[in-house]
Amino acid sequence: MDRPSWHEYFAGITELVAQRSTCMRRKVGAILVKNKRILATGYNGAPSGVRHCIETGCLRDKLNIPSGQRHELCRGLHGEQNAIIQAASHGVSVEDSDLYCTNLPCIICSKMIINAGIRNVYYIEGYADELSLEMLEEAGVTLTKIEASK
């Protein structure tokens, strides 16, 4: 019997969560895990009750904004943000939890991760945001690149 490791298991779930994304540029999924239990999930897309980019078109494409820059010019929230918000809305503490995500978090998500007390970030692909790497490392958040699920 070929049983996935915990990292493979959570990476696979993270990739599945990303499939719900409504972003036209990049599908991102994130899950928060503590003691091998999933606390919350998130994918990138517009806030609840607001039209998604797949309906309105991509503002970032219209403005020719490169990846990794001007995150505030977007209708959507990132997967990491949505996972933290989901946990908060259900009263679930994410302190000392692990974050699994399809991409290395951006600087905005990284600041939220640091202040939420998330200790470990496992990511599948990199991201063009050097400041996020610097701040996560400075805050003592462990970063680990993992393989995509099989």
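In case you missed it, the structure is sitting above this.
Rules used throughout
Residues numbered from 1 in each chain as written. Predicted model: local features only at pLDDT ≥ 70, side-chain atom pairs only at ≥ 80, totals over all residues. Heavy atoms only, no water. Pairing = 2+ DSSP bridges. Helix = DSSP H or I, 4+ residues; strand = E, 2+ residues; numbered from the N terminus. Axes fitted to C-alpha atoms, helices over the stretch in contact; angles between N-to-C directions. Contact = heavy atoms within 4.5 Å. Buried < 20%, exposed > 50% of the residue type's maximum accessible area, 1.4 Å probe, protein only. Right-handed = clockwise from strand over helix to strand, strands pointing away. Phe/Tyr/Trp six-rings, centres within 6.5 Å; stacked < 30°, edge-to-face > 60°. Core = buried A, V, L, I, M, F, W, Y, C linked by side-chain atoms within 4.5 Å. Parallel < 35°, antiparallel > 145°, perpendicular 65-115°, else oblique. Left-handed = near helix turned anticlockwise from the far one by under 90°. Nonpolar A, V, L, I, M, F, W, Y, C, P; charged D, E, K, R; others polar.

J.: Any chance you could explain the sheet that holds strand β4 (residues 120-125) here in plain terms?
T.: Strand pairing in a sheet is mediated by backbone hydrogen bonds. Such pairs are either parallel or antiparallel. An order of β2-β1-β3-β4-β5 is seen for the five strands of this open sheet, with the pairing classed as mixed. Only two strands of the sheet have a single neighbouring strand rather than two, namely β2 (37-43) and β5 (142-145). In this sheet, neighbouring strand axes are inclined to one another by 20° on average, regardless of whether the strands run parallel or antiparallel. Bridging between strand β3 (residues 98-103) and β4 involves five bridges; their strand directions are parallel. Considered in β4, the bridge of Asp-98 is made with Asn-120. Lying over the sheet, helix α1 (residues 6-18) contacts β1 (29-34), β2, β3 and β4, oriented at roughly 140° with respect to β1.

J.: Looking at this structure, I do not really get unusual backbone geometry. What am I missing?
T.: Trans peptide bonds make up the majority, and among non-glycine residues the majority have a negative phi. Even without glycine at this site, Lys-36 takes up a positive phi of about 65°. Note that Lys-36 resides in the loop between β1 and β2. Notably, Asp-96 is not glycine yet its phi reads approximately 65°, a positive angle. Looking at the secondary structure, you find Asp-96 in the loop between α4 (79-89) and β3. The partly exposed category is assigned to Asp-96, whose relative accessible area is 45%.

J.: It is not clear to me how the pairing of β3 should be interpreted in this structure. Could you clarify?
T.: Residues in a regular strand point their side chains to alternate faces of the sheet. Here β3 lies mainly inside the structure; six of its six residues are buried. Bridge analysis of β1 against β3 gives four bridges, and the strand direction is antiparallel. Within β3, the residue paired with Leu-32 across the bridge is Leu-99. The β-α-β motif built from β3, the intervening helix α5 (residues 107-116) and the parallel element β4 has right-handed crossover chirality.

J.: Please explain the packing of aromatic side chains as it appears in this structure.
T.: Enumeration according to the criterion identifies five aromatic pairs in this entry. On the numbers, 5.7 Å between centres and 80° between planes, the contact of Trp-6 with Tyr-9 is edge-to-face. Here the residue Trp-6 and the residue Tyr-9 both occupy positions in helix α1, the gap between them amounting to three residues, near one helical turn. Judged by relative accessible area, Tyr-9 falls into the partly exposed class, the value being 39%. Ring-pair connections join several aromatic residues into one group, and the members of that group are Trp-6, Tyr-9, Phe-10, Tyr-100 and Tyr-122.

J.: For this particular structure, what's the right way to read the nonpolar core?
T.: Soluble globular proteins: nonpolar side chains tend toward being buried together. Counting 20 residues, the largest nonpolar core has Leu-32, Val-94, Leu-99, Cys-101, Ile-113, Ile-118 and Val-121 as the members making the most contacts within it. At the level of secondary structure, the elements contributing two or more residues to this core comprise β1, α4, β3, α5 and β4. Setting aside residues up to four positions removed in sequence, Ile-113 forms contacts with Ile-84, Leu-99, Pro-105, Ile-118, Val-121 and Leu-136. Counting residues in hydrophobic clusters, the runner-up holds nine residues, among them Phe-10, Ile-31, Tyr-100 and Ile-124.

J.: Is there a simple way to think about the packing of α5 against helix α6 (residues 130-138) in this case?
T.: Two quantities define a packed helix pair, namely the angle between the helix axes and the distance between the axes. The interhelical angle for the contact between α5 and α6, taken along N-to-C directions, is 15°, at an axis separation of 8 Å. By the angle class used here, α5 and α6 are roughly parallel. The chirality of how α5 crosses α6 is right-handed. Mapping the contact onto sequence places Ile-107, Ser-110, Lys-111, Ile-113 and Ile-114 in α5 and Leu-131, Ser-132, Met-135 and Leu-136 in α6. For the contact of α5 with α6, the class distribution of residues is six nonpolar, two polar and one charged.

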